[in-house]
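Spelled out from the first residue to the last, the chains are:
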Amino acid sequence: MKFVVKLGGAALEKPELLIAIGKAITNLVADGNQVAIVHGGGVQLTKTLALMGKKSEFISGLRVTDAETRDVALMVLAGRVNKSLVAALGQQGQSAVGISGGDGHVFRARKKKTTPDLGFVGEIAATDPRWLDAIWKMGAVPVISSIALGFDGEYYNINADEMAAACAICTHADALVFLTDVPGVKGADGSVMRWLSLKEIPALEKQAVISGGMLPKLNACRDALLGGVKRVRILPAEAAAVLPDLCTSRVNDGTEVMVA
């Protein structure tokens, strides 16, 4: 099977969790699967910006990104965060190649048109998975930071959930898994919804049951499913060890998002 695993920045803050995720992905590859990791790094970016005296602002879960913030995002996401993931996999004996979405033109971006303007925030305009295929052929794991190169020559900050969906679609992945710092999608009663259909999402959004960073995540789930990805699951990062079981067993952790 072919897996795309999206990792949020919060999961990368805990060394023991990073080790567990590295082991799970290494086991997935050892079982004969091809795995790509797409990661954000919002927590680390916010901390770095704060050290620089710069306040972070978000609108509907998306970061307002001026030129300075974009340049810091390049440094943090494509640099420290990306290489820490490569190191975590290497510690388990699994080779990995860290790239940004702009490398090899794997992901091309255009500026996201929003009101108000979000600055250097982009959306995926085109994909070319040939470099990912080449990395897989070498038995390695591509580790992709959520930065993409625009046709205008500018780098754009891309929501990592959106990039993960685009990655899953363009590689014809069998499964897309979002490893998060929450147990799953919670319903109106506060309990985790084990199953969530796309048709249920608009009502939950209207009732403000889902909001903030969960909105772009569920939009990415929808895009992936409608783009041909067979399975999409939101899984707590603490349950990363069950990743290899998704191929053969029933997993009760997190939320499975379905077309119907």
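Numbering of residues begins from 1 in every chain and follows the order in which that chain's sequence is written. Whole-chain, interface and lining totals are the exception, using all residues; otherwise, since this is a predicted model, local features are given only for residues with pLDDT of at least 70 and side-chain atom pairs are given and counted only at 80 or more. The side-chain numbers reported here are obtained from all heavy atoms of the structure, hydrogens and water having been left aside.

Caption draft 1: Structural detail: the overall build of the protein. Each helix and strand counted, the protein has seven helices and 14 strands in total. This radius of gyration counts C-alpha atoms alone. The globule rule is 2.2 Å times how many residues there are, raised to the power 0.38. Scaling as 2.2 N^0.38, a compact globule of 260 residues should have a C-alpha radius of gyration of about 18 Å, and the protein matches this with 17 Å. Taken over the C-alpha atoms alone, the protein extends approximately 45 × 45 × 35 Å along its principal axes. Think of it in three bands: with a 1.4 Å probe and only protein chains considered, a residue is buried below 20% of the maximum accessible area for its type, exposed above 50%, and partly exposed in between. Each of the 260 residues in the protein was classed as buried or not, and the buried ones make up 54%. Partitioning the contacts of the protein with sequence separation of at least 6, the portion at a separation of at least 24 is 71%. Entry remark: accessible area of the protein is about 11,400 Å², with carbon and sulfur atoms responsible for 55%. Charge separation in the protein, taken as the distance between the mean sites of 28 positive and 26 negative side-chain charges, equals 2 Å. Helix numbering and strand numbering both begin at the N terminus, where a helix is a DSSP run of H or I of at least 4 residues and a strand a DSSP run of E of at least 2. By the convention used here, residues are in contact when the closest approach between their heavy atoms is within 4.5 Å. Only the protein chains shown count as covering a residue, and every accessible area follows the Shrake-Rupley method with a 1.4 Å probe. Charge assignment: positive for Lys and Arg, negative for Asp and Glu; neither His nor the chain ends contribute. Working definition for charges: the position is that of NZ of Lys, CZ of Arg, CG of Asp or CD of Glu.

Caption draft 2: Broad picture of helix α1 (residues 15-30). To estimate the expected span of a helix, subtract one from its residue number and multiply by 1.5 Å. For α1, which comprises 16 residues, the first-to-last C-alpha distance of 22 Å matches the rise-based estimate of 22 Å (1.5 Å per residue) to within 8%. Along α1, the residues classified as buried are L17, L18, I21, G22, A24, I25, T26, L28 and V29. Following α1 by one or two positions, G32 adopts a phi angle in the positive range, close to 95°.

Caption draft 3: Local environment of helix α7 (residues 214-226). Between the first and last C-alpha of α7 there are 18 Å, a value that for 13 residues agrees with the 18 Å anticipated at 1.5 Å per step. Within two residues after α7, G228 carries a phi angle of roughly 105°, on the positive side.

Caption draft 4: The arrangement of the environment of W195 in detail. Here W195 lies in strand β12 (residues 195-197). What makes W195 partly exposed here is its relative accessible area of 46%. C-alpha separation for the pair W195 and M258, spaced 63 residues apart in sequence, amounts to 7.3 Å. Residue contacts for W195: discarding those within four places in its chain leaves E200, R250, E256 and M258.

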